[in-house]
Amino acid sequence: MPTSQMHVVLSDQHIPFQDPVLEQLSIDFLKEHKPKVIHLLGDILDFYSLSRFDKDPARLVTLQEELDGATQYFEKLRAACPKARIIYSEGNHENRLRRYLWSQARALSNLRTLSFEELLGLNKYKIEWVDSHSPYRIGNLLFIHGELVRRASGASAKGHMDKFGCNVIHGHTHRLGAHYHRTFDTMMGAWENGCLCTLDPEYAVKPDWQNGWSIVWFHGDNFHVEQVCVVNGEYVYHGKLHKARKSRKR
């Protein structure tokens, strides 16, 4: 009889505005559990320097610094799980690069060296790239960054289920939540994945976000979703309390 496979879903780090405690906790989780597949459901980078919005001059971050931060993160992922399949979905923040090239540098937009895969060296880390127009399905579950944001936890998950008509897990909202729906002959579920970025961004006051990630257990095409909610640098998983390690004093 086939055994269940663990998949871990991470999203919305928004490098360089990731929360270092969340990064450490999630990397430690990967090291301990060695999932078969890691899903990066978009907005891993923020592309702050390419944003159309007003920027805080005190937080000047160059595009190269953002890209370097991402490759450092990929090195940690691959070191934690050398054999895992890693799938990276384009989010709306990664899409800032495409929009910038199309609007400000159209003549350069088709250069292979400016493709996302080349800029981040994804082949080096054996990371599969999935563009925003190509959500993918594993078993009976659709994986997508997400494009809808509703007001309450779980409401965005419902919105994505209603749009796609299937089981779905997504990022984008920075919330944890779930929604279930039974039809005449089908049971469906949808989940929003939380975030790994700081909960106190410069452009919003105490937004209704939750830090965390999801675990999907696949048994053939069937699956079960567990969600990890991190509060003040701590979470409980399968009865065990996990905390961020304290940095050593030099």
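A few points on the structure. In this text the structure is predicted, and so the values were computed from the model without any measurement. (Residues numbered from 1 in each chain as written. Predicted model: local features only at pLDDT ≥ 70, side-chain atom pairs only at ≥ 80, totals over all residues. Heavy atoms only, no water.)

1. Observations regarding the sheet that holds strand 10 (residues 211–219)
Where we set the bar: Strands are labelled as partners when DSSP assigns at least two bridges between them. Secondary structure elements are taken from DSSP: a helix is a run of H or I of four residues or more, a strand is a run of E of two residues or more, and numbering for both begins at the N terminus. To obtain each axis, a line is fitted to C-alpha atoms, and for helices this fit is confined to the stretch in contact; angles are then taken between N-to-C directions over 0 to 180 degrees.
Across the sheet, which stays open at both edges, the six strands sit in the order 4-3-2-1-10-11 with mixed pairing between neighbours. Looking at the sheet topology across the chains shown, the edges are occupied by strand 4 (127–130) and strand 11 (222–230). Pairwise comparison of adjacent strand axes, ignoring direction, gives a mean angle of 20° for this sheet.

2. Thoughts on the pattern of salt bridges
Our working definition: Definition used for salt bridges: Asp or Glu carboxyl oxygen within 4 Å of a side-chain nitrogen of Lys or Arg. Three exposure classes are used, based on accessible area relative to the maximum for each residue type with a 1.4 Å probe and protein chains only: buried under 20%, partly exposed in between, and exposed over 50%.
Going through the model one piece at a time under the given rule, you end up with eight salt bridges. Close ionic contact of Arg85 with Glu128 constitutes a salt bridge, the shortest N to O distance being 2.8 Å. Of this pair, Arg85 sits in strand 3 (residues 85–89) while Glu128 sits in strand 4, placing them 43 residues apart in sequence. By relative accessible area, Arg85 is classed as partly exposed at 41%. When its relative accessible area of 34% is taken as the criterion, Glu128 is described as partly exposed.

3. Observations regarding the sheet that holds strand 5 (residues 136–138)
Using the following cut-off: Pairs of residues are marked as contacts when any of their non-hydrogen atoms sit within 4.5 Å.
If you trace the five strands from one edge of the open sheet to the other, you get 5-6-7-9-8, paired in mixed fashion. Of all strands in the sheet, those bounded by a partner on one side alone are strand 5 and strand 8 (176–182). The average undirected angle you get between the axes of adjacent strands in this sheet is 20°. Direction of pairing for strand 6 (residues 141–144) relative to strand 7 (residues 168–170): parallel, over a ladder of three bridges. Following the sheet pairing, Ile144 is matched in strand 7 by His170. In the packing of helix 5 (residues 155–164) onto the sheet, the strands contacted are strand 6, strand 7, strand 8 and strand 9 (187–193), and the crossing angle to strand 9 comes to about 130°.

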